[in-house]
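Spelled out from the first residue to the last, the chains are:
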Amino acid sequence: MKRMILWSLVVLALLAVVPVWAGGDKQGQAASVAPAAPVSIPLGQSVSQNTDITAAVVVDFTTMDPQDTSDTLSGGIQRLMMDGLFGFDDNMKVINLLAESYTANENATEFTFVLKKGISFTDGVPWDADAFIANLKKWDDKSLRLKRTSLLADVIDTWEKIDSHQVKIKLTGPFGALIPTLAHQACVIMSPRQIAAGVNACAEKPVGTGQYEFVEWVRGDHLTIRLKKDWWGYDPARTGGKPLAEKDAGFKSITFKPVPESATRTAMVQSGDAQIMWTVPPESVRVLQRDSSLTVGIRRSLVAYYLWMNTQKKPFSDKRVRQALNYALDRNALIAVVENGIGSVPNAIIGPDTQFAKELPPIPYDVAKAKQLLAEAGYPNGFSTTIMGPNTTVNTKTLEFFQQQYAPLGITIQNKLMESAVTNERVQDVTGPGSEVEVEMYLSGWSSSTGDADWAIRPLFATESAPPLNYNLAYFSNAKLDALIRQGLSSADNEVRRKAYSEAQDLLWEELPVVPRHIANIAWVTSRKIINITNFPDGSINLRAGRMAP
């Protein structure tokens, strides 16, 4: 009881003094802290390509196989080592990478790709039509049971090699989202030689055409990559006139160190033991903004954070229970207490900047309504459950906040946060029906790394997307939603797609298989000497153009 009263006082105090900050410009400096004058580095005077740097990250990586990657952190690092046919600029506008150009028929069922010439993988294998087809075969192979197989396996029908650098793909039906889907981090290109070595080889040692090459990965300790000064993206003749990065951009090597404890991660960047850090602990943002040796960036993201409920287990199989938990959450207080005022209250099941996102009325904070719904569902005195998730500092604070919020309903929550690799094994890598798996509730977020509503909904809520194939941790299954998802996939007409995803969002806002917590504003911090580092709106780090002053 004392702890509950203390939490309530903390919430009231923070709501009185901390604004819920939901915006910001691209670099996103908070209005309360005046940013220092930007560092200027004349072209050719960056020392970064002769400098080894360390980046502190919040958890360890899960795998280096793009087709088996469900977390944005791992996927973002893979983007540095492996290019896709397409990628994104800083604002997630699709840009050409290994594809020189493409054409499509009118109903978007056939696409012909012209591939760039003169590019090789780090193992010496040339980038050509055969290399592309080797990747297509892997993307289409459901027998591998990789987490991202559903991204394209049901879309690709056949492919044809036209010549050494042209490939035609025929689809199972119209798919207007193909190009942004190919820009997804799961569709970066792996060397065909490494693919032939098997999924374990791909998971342990990625081989691509990227700006960096893989050096080593010691699980739980570090992952190191090394710059390729002859990367094709520096050459304007190969990129279509404007290079993807200045010739002196990039770092000699980058060592990524997983540091789940927020205070330790913050101390590393303050002391100079790390030159880059993300994500930034919410409670540290304003402290780090006042440090003249550092630069902090913040931007609104596509990332939506949820509390998942296993809808195949009681009591979460009852919609009224799920709705009650949504009514009982004070999201403004959560953002103030857990996120230090940095974030926004969700008004839809997906991130607001996602294509076809629909603004809906925010879920009101109404404890009386929550108690009424629980009583109607047969739980007037509440129930006991568990919350799983990676044992980060922020997750621990979030779990404690939920314990406090739900205590008045008689709901008790046991802490089952664990090291991230263990969590992945026990939650994401399991097989079998939702009624038999361990997870009851789970803390996590999701970013549509294609920027499209399809990838914000299908991997999370389609019946086919239950683990281990994808990320439907709620084990939600709804025939009408599945039909709407198929409808959105089957047309190249944006108005048809918009209507399907609009109805899908309405359905999910009613069924609520998750508790939408908040929409994230991404924060990252670098040494003051480093410029041009940012985050993509999907939450992954963008280090491509990074440069360092002497």
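None of these values were measured; they are calculated from a predicted model.

Glancing now at unusual backbone geometry. Residue Thr279 follows Trp278 across a cis peptide bond; omega there is -10°. Here the amide bond leading from Pro467 into Pro468 is cis, since omega sits at 5°, within 30 degrees of zero. Locating Pro468 in the fold gives a position in the loop between α15 (453-461) and α16 (479-489). A positive phi is found at Asn532, a non-glycine position, where the angle reads about 70°. With respect to the helices and strands, Asn532 occurs in the loop between β17 (530-531) and β18 (534-535). Residue class for Asn532 comes out partly exposed when judged on its relative accessible area of 42%.

Here strand β4 (residues 99-104) pairs with strand β5 (residues 110-115) via 5 bridges, running antiparallel. Paired with Ala104 across the bridge in β5 is Phe111. In this antiparallel pair of consecutive strands, β4 and β5, the connection spans 5 residues, and Ala108 shows a positive phi of 60°. Inspection of the sheet shows β5 paired to strand β7 (residues 166-171) by 5 bridges, in the antiparallel sense. Bridge pairing in β7 links Glu110 to Lys170.

What follows is about the packing of α16 against helix α17 (residues 494-511). Viewed as axis vectors pointing N to C, α16 and α17 meet at an angle of 160°, and their least axial separation amounts to 8 Å. In terms of their interaxial angle, α16 and α17 are classed as roughly antiparallel. Seen from above, α16 lies across α17 with left-handed handedness. Contact residues: α16 offers Lys480, Leu481, Leu484, Ile485, Gln487, Gly488 and Leu489, while α17 offers Val496, Arg497, Ala500, Tyr501, Glu503, Ala504, Leu507 and Leu508. The residue makeup of the contact of α16 with α17, split by class, is 10 nonpolar, 2 polar and 3 charged.

So, on to the sheet that holds strand β16 (residues 514-527). Read from one edge to the other, the open sheet built from 10 strands follows the order β8-β9-β10-β1-β11-β16-β12-β15-β13-β14, with strand pairing classed as mixed. Both edges of this open sheet fall to β8 (212-218) and β14 (412-418), since each of them pairs with a single strand only. Pairing of strand β12 (residues 294-309) with strand β15 (residues 441-446) involves 6 bridges; the strand directions are antiparallel. Its bridge partner lying in β15, Tyr306 is registered against Ser444. Running over the sheet, α15 touches β12, β15 and β16 and is turned about 160° from β15.

Owing to its 3.6 residues per turn, the α-helix aligns residues three or four sequence positions apart on the same side. An ideal rise of 1.5 Å per residue puts 26 Å on 18 residues; α17 measures up with 25 Å between its terminal C-alpha atoms. Three or more residues of α17 are buried, namely Arg497, Ala500, Tyr501, Ser502, Ala504, Gln505, Leu507, Leu508, Trp509 and Glu511. The inward-facing, buried residues of α17 abut α10 (319-327), α15, α16 and β16. Sitting at the amino-terminal end of α17 is Asp493, which places a side-chain oxygen 2.8 Å from the backbone nitrogen of Glu495.

Most of β16 sits inside the fold, with 14 of its 14 residues counted as buried. Here 2 bridges tie strand β11 (residues 276-277) to β16, and the two strands are oriented antiparallel to one another. When the sheet's bridge partners are listed, Met277 is paired in β16 with Val525. Two strands pair when backbone bridges link them, and β12 and β16 are joined in this way by 12 bridges, in the antiparallel orientation. In the strand pairing of β16, Val296 is matched with Val525.

In this structure, Trp127 sits in the loop between β5 and α3 (129-139). Along the backbone, Trp127 and Ser191 are 64 residues apart, and their C-alpha atoms lie at a distance of 8.2 Å. Beyond its immediate chain neighbours, meaning those up to four positions away, Trp127 contacts Leu85, Leu98, Leu115, Lys116, Ile119, Ser120, Phe121, Phe132, His165 and Ile189. Engagement of the side chain of Trp127 in a polar contact is seen with the backbone oxygen of Leu98, the distance being 3.3 Å.

This paragraph deals with the packing of aromatic side chains. Under the counting rule described, the total for this entry stands at 22 aromatic pairs. In this structure an aromatic cluster arises from ring pairing among Phe86, Tyr102, Phe111, Phe113, Phe121, Trp127, Phe132 and Trp139. Of note, Arg79 hangs over the ring of Phe536, and the distance from its end group to the ring centre comes to 4.9 Å. Across from the ring centre of Trp217, 4.0 Å away, lies the NZ or CZ of Arg219, which sits over that ring.

Turning our attention to the environment of Asn424. Here Asn424 lies in helix α14 (residues 420-428). On the accessibility criterion, Asn424 (13% relative accessible area) is buried. For the pair Asn424 and Pro390, spaced 34 residues apart in the sequence, the C-alpha separation amounts to 8.5 Å. Apart from residues no more than four positions distant in its own chain, Asn424 is found in contact with Thr62 and Asp429.

This part covers the nonpolar core. Soluble, globular proteins show a tendency: their nonpolar side chains are buried together. Phe113 and Phe256 are the most contacted members of the largest nonpolar core, which totals 122 residues. Counting residues per element, this core draws most heavily on α3, which supplies 7 residues. Not counting residues within four places of it along the chain, the set of residues in contact with Phe113 comprises Leu85, Phe86, Ser101, Tyr102, Phe132, His165, Gln166, Val167, Ile169, Leu178, Ile179 and Leu182. Counting 30 residues, the second-largest nonpolar core is a separate cluster that includes Ala324, Ile387, Val394 and Phe401.

Of all residues in the chain, 93% attain a pLDDT of 70 or more, and the chain-wide mean is 90. Contacts from residues 1-34, a stretch scored under 50 in pLDDT, to residues over four places away or in other chains number 58 contacts.

The rules behind these values
Residues numbered from 1 in each chain as written. Predicted model: local features only at pLDDT ≥ 70, side-chain atom pairs only at ≥ 80, totals over all residues. Heavy atoms only, no water. Helix = DSSP H or I, 4+ residues; strand = E, 2+ residues; numbered from the N terminus. Buried < 20%, exposed > 50% of the residue type's maximum accessible area, 1.4 Å probe, protein only. Pairing = 2+ DSSP bridges. Axes fitted to C-alpha atoms, helices over the stretch in contact; angles between N-to-C directions. Parallel < 35°, antiparallel > 145°, perpendicular 65-115°, else oblique. Left-handed = near helix turned anticlockwise from the far one by under 90°. Contact = heavy atoms within 4.5 Å. Nonpolar A, V, L, I, M, F, W, Y, C, P; charged D, E, K, R; others polar. Expected span 1.5 Å × (residues − 1). Polar contact = N/O pair within 3.5 Å; in protein donor to acceptor, adjacent residues only side chain to side chain. Phe/Tyr/Trp six-rings, centres within 6.5 Å; stacked < 30°, edge-to-face > 60°. Lys NZ or Arg CZ within 6 Å of the ring centre and 35° of its normal. Core = buried A, V, L, I, M, F, W, Y, C linked by side-chain atoms within 4.5 Å. pLDDT = per-residue confidence, 0-100.

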